[in-house]
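In case you want the letters, here they are:
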Amino acid sequence: MDINIKKLGSFIKDAFDGLWFNRNVAIASVVIVMSSLCLFGAYIAISMNVDYISKQFRSQYAISAYLEKGTPDERVEEIREELNNISNIATINFISEDDALNYCKEMFGDDADFLNGLEEDNPLRASFDVTLKDLTKAGETKEAIEKIIDVSWAKNNQDFVTKILNITKSFKNGSFVLMLLFSLISVFIVSNTIKISVSARKEDIYTMRYVGATNDYIVCPFVIEGIIIGLIGALIGYIVVLIGYTYCYYMIAGYIESLVSIYKTHQLALLLFGCFILFGLIIGALGSVYSVKRYIKA
Amino acid sequence: MIYFENVTKQYANSDTFVLKDISFYVERGEFVFIIGGSGAGKSTITKLIIAEEKQTSGSIYVNDVNVAELKDKEIPAYRRSLGIVFQEFRLLSTKNIYDNIAFPLRIRGASNDEIEELVPQWLDLVRMTDKAYSMPSELSGGERQRAAIARAMVNNPSVLIADEPTGNLDPIITAEIMDYLRQINEMGTTILVVTHDPNVVNSMQKRVIELNDGYITRDMQRGGYTFGY
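Calculation criteria
Residues numbered from 1 in each chain as written. Chains lettered and ligands numbered in written order. Predicted model: local features only at pLDDT ≥ 70, side-chain atom pairs only at ≥ 80, totals over all residues. Heavy atoms only, no water. Helix = DSSP H or I, 4+ residues; strand = E, 2+ residues; numbered from the N terminus. Rg over C-alpha atoms; globule rule 2.2 N^0.38 Å. Buried < 20%, exposed > 50% of the residue type's maximum accessible area, 1.4 Å probe, protein only. Contact = heavy atoms within 4.5 Å. Lys, Arg positive; Asp, Glu negative; His and termini not counted. Charge placed at Lys NZ, Arg CZ, Asp CG, Glu CD. Buried area = accessible area lost by both parts, 1.4 Å probe. Salt bridge = Lys/Arg side-chain N within 4 Å of Asp/Glu carboxyl O. Nonpolar A, V, L, I, M, F, W, Y, C, P; charged D, E, K, R; others polar. Polar contact = N/O pair within 3.5 Å; in protein donor to acceptor, adjacent residues only side chain to side chain. Pairing = 2+ DSSP bridges. Axes fitted to C-alpha atoms, helices over the stretch in contact; angles between N-to-C directions. pLDDT = per-residue confidence, 0-100. Patch = residues over 30% accessible without salt bridge, like charges linked within 9 Å, V, L, I, M, F, W, Y side chains within 5 Å. Areas by Shrake-Rupley, 256 points an atom, 1.4 Å probe, with all protein chains shown as cover. Phe/Tyr/Trp six-rings, centres within 6.5 Å; stacked < 30°, edge-to-face > 60°. Lys NZ or Arg CZ within 6 Å of the ring centre and 35° of its normal.

### Looking at the overall build of chain A
For step 1, the next point in the chain: A tally of regular secondary structure across chain A gives 9 helices and 4 strands.
For step 2, the next point in the chain: Reading chain A from its N terminus to its C terminus gives the helix and strand order α-α-β-α-β-α-β-α-β-α-α-α-α.
For step 3, the next point in the chain: In terms of overall dimensions, chain A is more spread out than a globule: its C-alpha atoms have a radius of gyration of 31 Å, far above the 19 Å expected for 298 residues.
For step 4, the next point in the chain: When the backbone C-alpha atoms are referred to their principal axes, chain A occupies close to 100 × 40 × 35 Å.
For step 5, the next point in the chain: Counting every position in chain A, which comprises 298 residues, the buried fraction comes to 43%.
For step 6, the next point in the chain: A separation threshold of at least 6 residues defines the contact pool for chain A, and within that pool the share at least 24 residues apart is 84%.
For step 7, the next point in the chain: Here chain A contributes 27 positive and 33 negative side-chain charges, whose respective centroids are spaced 21 Å apart.

### A word on the interface of chain A and chain B
For step 1, the next point in the chain: Listed as interface residues are 21 residues of chain A and, on the opposing side, 24 residues of chain B.
For step 2, the next point in the chain: Buried surface at the junction of chain A and chain B, summed over both partners, amounts to about 2100 Å²; 57% is from carbon and sulfur atoms.
For step 3, the next point in the chain: One salt bridge connects A:Asp14 with B:Lys95, and the closest N-O pair in it is separated by 2.4 Å.
For step 4, the next point in the chain: The set of elements that each furnish at least two residues to the side of chain A that touches chain B consists of helix H1 (5-21) and helix H7 (202-210) of chain A.
For step 5, the next point in the chain: Looking at the side of chain A that touches chain B residue by residue, the class counts come to 8 nonpolar, 5 polar and 8 charged.

### Quick word on helix H3 (residues 97-108) of chain B
For step 1, the next point in the chain: For H3(B), a buried count of 10 out of 12 residues is recorded, marking the element as mostly surrounded by other parts of the structure.
For step 2, the next point in the chain: Those residues of H3(B) that sit buried are B:Ile97, B:Tyr98, B:Asp99, B:Asn100, B:Ile101, B:Ala102, B:Phe103, B:Pro104, B:Leu105 and B:Ile107.
For step 3, the next point in the chain: Those residues of H3(B) that are buried lie in contact with H1, H7 and helix H8 (215-256) of chain A together with helix H2 (75-80), helix H4 (112-125) and helix H5 (141-153) of chain B.
For step 4, the next point in the chain: Its side-chain oxygen at 3.2 Å from the backbone nitrogen of B:Tyr98, B:Asn96 defines the N-terminal cap of H3(B).
For step 5, the next point in the chain: The positive-phi residue at the C-terminal boundary of H3(B) is B:Gly109, with phi of around 90°.

### Points about the sheet that holds strand E8 (residues 190-195) of chain B
Residues and elements named next belong to chain B.
For step 1, the next point in the chain: Taken together, the 6 strands give an open sheet; going across it, the order is E6-E7-E8-E3-E9-E10, and neighbouring strands pair in mixed fashion. Of all the strands in the sheet, just strand E6 (82-86) and strand E10 (215-220) have a single pairing partner and so form its edges. Taking each pair of neighbouring strands and ignoring which way they run, the sheet shows an average axis angle of 15°.
For step 2, the next point in the chain: When strand E9 (residues 207-212) meets E10, the two strands line up antiparallel, connected through 5 bridges. Looking at the pairing, glutamate 210 lines up with arginine 218 of E10.
For step 3, the next point in the chain: Its contacts with the sheet put helix H1 (residues 42-49) on strand E3 (31-35), E6, strand E7 (159-163), E8 and E9, and the angle it makes with E8 is roughly 140°.

### Observations concerning the confidence of the model for chain B
Residues and elements named next belong to chain B.
For step 1, the next point in the chain: On average, residues of chain B score 91 in pLDDT, and 99% of them are at 70 or above.
For step 2, the next point in the chain: Considering each helix and strand of chain B separately, the mean pLDDT is smallest for helix H7 (residues 198-204), with a value of 88, and largest for strand E4 (residues 57-62), with 95.
For step 3, the next point in the chain: As scored by the predictor, the complex reaches a pTM of 0.70 and an ipTM of 0.86.

### Brief notes about a nonpolar patch on the surface
All names here are of chain A.
For step 1, the next point in the chain: A cluster of nonpolar side chains, namely Leu39, Leu178, Leu181, Phe182, Ile185, Phe188 and Ile189, defines an oily patch on the protein surface of about 650 Å² accessible area.
For step 2, the next point in the chain: In terms of residue count, helix H6 (residues 158-200) provides more of the nonpolar patch than any other element does, 6 residues in total.
For step 3, the next point in the chain: With respect to the element layout, leucine 181 can be found in helix H6.

### Considerations on the pairing of E8(B)
Residue and element names in this part refer to chain B.
For step 1, the next point in the chain: With respect to burial, E8 is a largely interior element, 6 of its 6 residues being buried.
For step 2, the next point in the chain: Burial of E8 is two-sided: the residues Thr190, Leu192 and Val194 facing one way and the residues Ile191, Val193 and Thr195 facing the other way are all buried.
For step 3, the next point in the chain: Bridge count between E3 and E8: 5 bridges; the pairing is parallel. From the neighbouring strand, isoleucine 35 faces E8, where its bridge partner is threonine 195.

### As for the environment of A:Asp17
All names here are of chain A.
For step 1, the next point in the chain: Relative to the elements of secondary structure, aspartate 17 occurs in helix H1.
For step 2, the next point in the chain: What makes aspartate 17 partly exposed here is its relative accessible area of 22%.
For step 3, the next point in the chain: Considering only alpha carbons, one finds aspartate 17 and glutamate 225, 208 residues apart in sequence, at a separation of 9.3 Å.

### Quick look at the packing of aromatic side chains
For step 1, the next point in the chain: Using the criterion set out here, one finds 13 aromatic pairs over all chains in the structure.
For step 2, the next point in the chain: Measuring from centroid to centroid gives 5.3 Å for A:Tyr249 and A:Tyr250, while their planes differ by 85°, and the two rings are edge-to-face.
For step 3, the next point in the chain: Here B:Tyr3 and B:Tyr25 contribute two aromatic rings whose centre-to-centre distance is 5.8 Å and whose plane-to-plane angle is 75°, an arrangement assigned as edge-to-face. Here the residue B:Tyr3 occupies a position in strand E1 (residues 2-10), and B:Tyr25 occupies one in strand E2 (residues 17-26), the gap between them amounting to 22 residues.
For step 4, the next point in the chain: Assessed through its relative accessible area of 40%, B:Tyr25 is described here as partly exposed.
For step 5, the next point in the chain: By the ring-pair criterion, three or more aromatic residues cluster together here, those being A:Phe11, A:Tyr217 and B:Phe103.
For step 6, the next point in the chain: We note A:Arg23 situated over the ring of A:Trp20; from NZ or CZ to the ring centre the distance is 4.1 Å.
For step 7, the next point in the chain: When the ring centre of B:Phe86 is taken as origin, the NZ or CZ atom of B:Arg90, which lies over that ring, is 5.1 Å away.

Given below as structure tokens:
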């Protein structure tokens, strides 16, 4: 394409002329782009938070390996080494009998009086809390831990974790398919809306050809028009999604903050902005090129 | 200038020949009417000259360019060397009259200085200065055709092709448009007018090439036309 700055300026002016001339169709196109991108934005926001929540569950998940009472310190160190050799274990944290008692006291707070005096004859066991690299292998890892001599038993909440993982996976698969479907429908609708705008000016396109305009000269203003529609739709959609997300955040965050946290608006803002601008740009440009191409044979 | 040599045209998926072995030569600076009834093949001649269609056989030369041999990418530049006026005016609906007339200059890559010099000149010549910033939809048929003539001429083409330029105009405006074409011809531009309007042909008394059923049946200097519609 032989396009210089002067031509680009002329194309941009032509694009704005075209938008103004077909302003009703342009507004309809902007609304459709905006709606599509709102769906897209909602998918990204939900998907990111599902990932985030899932990660929090993963990082909080641990298997506790309780040791036999009276296991000597040297043996505790050997057990740590043996745990280290289990490939799926990510981190190891030792909790002594005294630490366990202190945790209990902290947990019961003002009601911890009944624990007084247990320091002399502590009934609690020392344990290793281990986190895992791959939660789907939690069952095998637990079995491996229980095979270590002096480990009396290992405890985890496998069912809960499995459920969380399954829900996350199902949601991601399902929402991805839905999003793909929505995206295709959006591109189709946007492309058709732009096609109406282009079709309304097909006589202009023929005229441009007859007076000697090159294909670049004909197509560029339409592409810029599409890009402008895409970007305006993206910006409005972005603002709508940010306001909607902020509202939802304050609705939900209060209820779940003791359990998990979700992304704050500003943490998603940049990513959403990038995605919206890119998607709006692609929808607008592709829609225009696809629509105008049929009229530009020599 | 314009040379048709044994040109035959048959459209795809049709048994009918629209043009049958026609030959004619138009000299530089001539004013020529191509006349004939509906379906005689007049508009096909325009389409062949502006490279919208290709002949089935024969050769067409315009300004020594073999039109059929033009590559797709060469066609825009070739069309810029011609001035074209249509029955439906074909002004760009999203541009005002000034920008419509400036359009051929812009696609040629003319400088702003050149555009600012030539467009007002042509607006003045076709008496459209006061309508420069009107949109085509705000103008009468005659005004639109005057603007279309200015747009066709602003690049100073050596030949102007006018396909039924007065087809949508009343007799008074028709006379005015034909007068513009006559003046342009007197400035040295070759003019080829396709029409089926006998009044236009008879009033001008210029060379007439008459087509009937795809054949040239008459080629006459200072001819008239009595068949009409």
